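One-letter residues, chain by chain:
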Amino acid sequence: MKIWVNGGLHDEETARVSVLDHGLTVGDGIFETVKAERGETFALTLHLERLTRSARGLGLPDPDLDEVRRACAAVLAANPMELGRLRITYTGGLSPLGSERGDAGTSLVVAVGGTSRRPDTTAVVTVPWTRNERGALTGLKTTSYAENVVALARAKEAGATEALFANTVGRLCEGTGSNVFVVLDGRIHTPPVSSGCLAGITRALAVEWIGAVETDLPFDVLETAEEVFLTSTLRDVQAVHRVDGRELAAAPGPVTAKAMRIFEERAAADRDPKLG
């Protein structure tokens, strides 16, 4: 495995950042996950735009997107695979032990790992912890992911692949690494970004391509929704067949199945789509 670290490719065994890197010591970093099929990325431009937004939100310098593109291309060329998870990580770099950043500059790491196509349906659970819709990191894709690790472990224990959060005022928010959509009276709804959810790339494309409506929803809508589905970089559009103990009949339902088909067709037609 070849990994890009701060300016060049390195073997997996020798790819290193300092143990005092701020991304490691305090989680001061951001990242993007990009789907790559046979060396071709999907929606890379949108992911890099969000990388910049996250950097600005965290107070990091804007990443050099030309370098990031070079790094992605080099990593994919050096690690050919059918379907890959391309991970771009950008951190505060070498810093003192503590929350204050140092002045040594940022760190950039790009790596890729093989993955497989997701099943058409999955199970999810709800968890008692909440997303803070007013937090300093709200809406940023940061490396401070420990609460997602805990929630996802809870989901795996229950035989599910995702855990869904409410926000602090009891409204439906998001999953640990996905956005959630529900079908009510035949119409598709998803929580607005003001709920505290990440502005997912796949979410935004799905809203535009399948005509979903951003709606402030109570968390218990999951108990009555006709259909539920998830979106994320590696899930694309994935139907939910069970929420906690509730089985949803015949998943994927007709609305979700149509959304899956539309997304697959549009994504195949344009590998670097724009919004608007």
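Structure first, text after, so check above.
Residue numbers restart at each chain and count upward from 1, following the sequence in its written direction. Only residues with pLDDT of at least 70 get local features here, since the model is predicted, and only at 80 or more are side-chain atom pairs given and counted; chain-wide, interface and lining totals rely on the full set of residues. Heavy atoms from the whole structure form the basis of all side-chain values; hydrogens and water molecules are not counted.

**As for helix α6 (residues 254-269)**
So, point 1. Here α6 contains 16 residues, and its C-alpha end-to-end distance of 23 Å stays within 8% of the 22 Å for a straight helix at 1.5 Å per residue.
So, point 2. By the burial criterion, the buried members of α6 are Thr-256, Ala-259, Met-260, Phe-263 and Ala-267. Seen end-on, α6 carries its buried residues on one side only, within an arc spanning 100°. Residues of α6 that are exposed and point more than 90 degrees away from the buried face comprise Pro-254, Glu-265, Ala-268 and Ala-269.
So, point 3. Residue contacts are counted whenever heavy atoms from the two residues lie within 4.5 Å of one another. Numbered from the N terminus, helices here are DSSP runs of H or I no shorter than four residues, and strands are runs of E no shorter than two. Along its buried surface, α6 packs onto α5 (201-210), β13 (227-232) and β14 (236-243). One less than the residue count of a helix, multiplied by 1.5 Å, gives the span that helix is expected to have. The buried label goes to any residue with under 20% of its type's maximum accessible area, the exposed label to any with over 50%, and the partly exposed label to all in between, with areas taken from a 1.4 Å probe on protein chains only. What the arc describes is the spread of directions from the helix axis to the C-beta atoms.

**Some details on the sheet that holds strand β5 (residues 83-91)**
So, point 1. Strand pairing requires that DSSP identify at least two bridges connecting the strands. An order of β2-β1-β6-β5-β3-β4 is seen for the six strands of this open sheet, with the pairing classed as antiparallel. Every interior strand has two partners, whereas the edge strands, β2 (8-11) and β4 (40-41), have only one.
So, point 2. In terms of strand pairing, strand β3 (residues 29-37) meets β4 through two bridges, oriented antiparallel. Opposite Ala-36, over in β4, you have Thr-41 as the bridge partner.
So, point 3. On top of the sheet, helix α2 (residues 44-58) reaches β3, β4 and β5; it is set at about 175° to β3, its chief contact.
So, point 4. Between N-to-C directions, angles cover 0 to 180 degrees, with each direction set by a line fitted to C-alpha atoms, over the stretch in contact for helices. Packed onto the sheet, helix α3 (residues 65-78) meets β1 (2-5), β2, β3, β4, β5 and β6 (107-114) and runs at close to 30° relative to β6.

**What to know about the pairing of β13**
So, point 1. Within β13, six of the six residues are buried, which leaves the element mostly enclosed by the surrounding structure.
So, point 2. The alternating pattern of β13 places Glu-227, Phe-229 and Thr-231 on one face and Val-228, Leu-230 and Ser-232 on the opposite face, and all of these are buried.
So, point 3. As defined by bridge partners, β13 adjoins β14 across four bridges and the pair is classed as antiparallel. When the sheet's bridge partners are listed, Phe-229 is paired in β14 with Ala-239.

**Focus on α3**
So, point 1. Taking 1.5 Å of rise per residue, 14 residues should cover 20 Å, and α3 covers 20 Å from first to last C-alpha, within 8% of that figure.
So, point 2. Among the residues of α3, Val-68, Ala-71, Cys-72, Val-75 and Leu-76 are the ones counted as buried. Along the long axis of α3, the arc covered by the buried residues comes to 125°, so they all point the same way. Projecting away from the buried face of α3 at angles above 90 degrees are the exposed residues Asp-66 and Ala-77.
So, point 3. For the purposes of these results, a polar contact is taken to be a pair of N or O atoms within 3.5 Å, where, inside protein, one atom must be able to donate a hydrogen and its partner to accept one; residues adjacent in sequence count only when each atom of the pair is a side-chain atom. Of the residues flanking the start of α3, the one acting as N-cap is Asp-64, its side-chain oxygen 3.1 Å from the backbone nitrogen of Asp-66.

**Details of the nonpolar core**
So, point 1. Judged by nonpolar contacts, the single largest core of 22 residues is most densely connected at Val-68, Cys-72, Leu-86, Ile-88, Leu-108 and Val-110.
So, point 2. Taken together, the elements giving at least two residues each to this core come down to β3, α2, α3, β5 and β6.
So, point 3. The residues contacting Val-68, other than those within four sequence positions of it, are Leu-48, Leu-51, Pro-63, Ile-88 and Leu-108. Residues grouped as a nonpolar core are buried Ala, Val, Leu, Ile, Met, Phe, Trp, Tyr and Cys residues, joined through side-chain atoms within 4.5 Å.

These values are about where atoms sit, not about what they do.
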